[in-house]
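So the chains spell out like this:
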Amino acid sequence: MPELAFGYLVGFFATLLLVGLHLFLQTQKQKSKAMRQVQSNLKKIGFFWSDSEAEIKPYTAGAEKADLNKSIKSILISGIAFTFMSWVGFVLQFIIMLSLRFLAVKRLERNVFDSELAANELSPTQIKIQYDKLMA
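What comes next concerns the included structure. Nothing here was measured: the structure is a model prediction, and the numbers come from that model. (Residues numbered from 1 in each chain as written. Predicted model: local features only at pLDDT ≥ 70, side-chain atom pairs only at ≥ 80, totals over all residues. Heavy atoms only, no water.)

Comments concerning the layout of surface pockets
Next up, step 1: Here the largest pocket defines a volume of roughly 380 Å³.
Next up, step 2: Lining the largest pocket are 19 residues, and of these Q26, D51, S52, S71 and L100 sit closest to its centre.
Next up, step 3: Secondary-structure elements contributing two or more residues to the lining of the largest pocket are α1 (2-31), α3 (63-83) and α4 (87-103).
Next up, step 4: Counting residues per element, the lining of the largest pocket draws most heavily on α3, which supplies five residues. (1 Å grid on protein atoms, 1.4 Å probe; cavity = no way out; pocket = protein on both sides within 12 Å on 5 of 7 lines; lining within 4 Å. Points joined across faces, edges and corners; volume = space filled by probe spheres on them. Helix = DSSP H or I, 4+ residues; strand = E, 2+ residues; numbered from the N terminus.)

Written out as structure tokens, the structure is:
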């Protein structure tokens, strides 16, 4: 019986560490140069990139912060639930983390971060042209 308890605790803490890594990677993504450039450019024409919904949305004061909080909240809720599931939770959290990072990336997201919006500071006219191309 002590072996089972030990195995459960190891899985519990491994899942906690994975949730912490997922939170760290999410906040680092928000701080990345490409994300800052996209947000800066889109803000000039009244939009922002919503990472939690993977789409371009109208900008309002505090929208970027609210979007980051939404992402963090969803990671925490799933992470807390998965932590108590020990190793099963670890596997589930790992699958979610990998799919959000690599597998479930929308075409729009790839196109936005491969466009000039993520590479250079653009004028509002250039941004509008890029925006229209992306939304077509």
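Moving on, there is more to tell.
A closer look at the pattern of salt bridges
Next up, step 1: Considering all chains together, one arrives at seven salt bridges under this definition.
Next up, step 2: Here E64 makes a salt bridge to K43, at a shortest N to O gap of 3.2 Å. One end of the pair, E64, is in helix α3; the other, K43, is in helix α2 (residues 33-43), with 21 residues separating them in the sequence.
Next up, step 3: For E64, a relative accessible area of 25% corresponds to the partly exposed category.
Next up, step 4: A relative accessible area of 40% means that K43 is categorised as partly exposed. (Salt bridge = Lys/Arg side-chain N within 4 Å of Asp/Glu carboxyl O. Buried < 20%, exposed > 50% of the residue type's maximum accessible area, 1.4 Å probe, protein only.)

Quick word on a nonpolar patch on the surface
Next up, step 1: On the surface, Y8, L9, F13, L16, L76, I80 and F84 cluster together into a nonpolar patch covering about 670 Å² of accessible area.
Next up, step 2: For the nonpolar patch, the secondary-structure elements that each account for two or more residues are α1 and α3.
Next up, step 3: The greatest single-element share of the nonpolar patch, amounting to four residues, is contributed by α1. (Patch = residues over 30% accessible without salt bridge, like charges linked within 9 Å, V, L, I, M, F, W, Y side chains within 5 Å. Areas by Shrake-Rupley, 256 points an atom, 1.4 Å probe, with all protein chains shown as cover.)

Let's talk about the side chain of E109
Next up, step 1: Along the chain, E109 turns up in helix α5 (residues 107-114).
Next up, step 2: In contact with E109, not counting residues within four places along its chain, are K29, W49, D51 and A54. (Contact = heavy atoms within 4.5 Å.)

So, the packing of aromatic side chains
Next up, step 1: Applying the stated criterion to the full structure yields eight aromatic pairs.
Next up, step 2: Aromatic side chains F12 and F13 sit 5.4 Å apart centroid to centroid with 85° between the ring planes, which places their arrangement in the edge-to-face category.
Next up, step 3: Residue class for F12 comes out buried when judged on its relative accessible area of 16%.
Next up, step 4: Taking the relative accessible area as the measure of exposure, F13 reaches 48% and is therefore partly exposed.
Next up, step 5: Summarising the aromatic geometry, the rings of F90 and F94 are spaced 6.4 Å apart at their centres and angled 5° between planes, so their arrangement reads as stacked. (Phe/Tyr/Trp six-rings, centres within 6.5 Å; stacked < 30°, edge-to-face > 60°.)

Regarding the nonpolar core
Next up, step 1: Counting residues in each nonpolar core, the largest one holds 15 residues, and the members touching the most others are V38, L42, W49, I56, V112 and L117.
Next up, step 2: Broken down by secondary-structure element, the contributors of at least two residues to this core are α2, β1 (47-50), α5, α6 (116-119) and α7 (124-135). (Core = buried A, V, L, I, M, F, W, Y, C linked by side-chain atoms within 4.5 Å.)

What about unusual backbone geometry?
For residues that are not glycine, phi is negative in most cases, and the peptide bond is trans in most cases.
Next up, step 1: Phi at A54 takes a positive value of approximately 55°, unusual for a residue other than glycine.
Next up, step 2: With respect to the secondary-structure elements, A54 resides in the loop between β1 and β2 (55-58).
Next up, step 3: Positive phi values are uncommon outside glycine, yet S86 reaches one of about 60°.
Next up, step 4: Here S86 is to be found in the loop between α3 and α4.

With respect to α4
Next up, step 1: Between its first and last C-alpha atoms α4 spans 22 Å; for 17 residues at 1.5 Å apiece the expected length is 24 Å, and the two agree.
Next up, step 2: For α4, the complete set of buried residues consists of G89, Q93 and M97. The buried residues of α4 occupy an angular sector of 65° when the element is viewed end-on, so they sit on one face. Away from its buried face by more than 90 degrees, α4 exposes V88, F102 and L103.
Next up, step 3: Here the buried face of α4 lies against α1 and α3. (Expected span 1.5 Å × (residues − 1). Arc of directions from axis to C-beta.)

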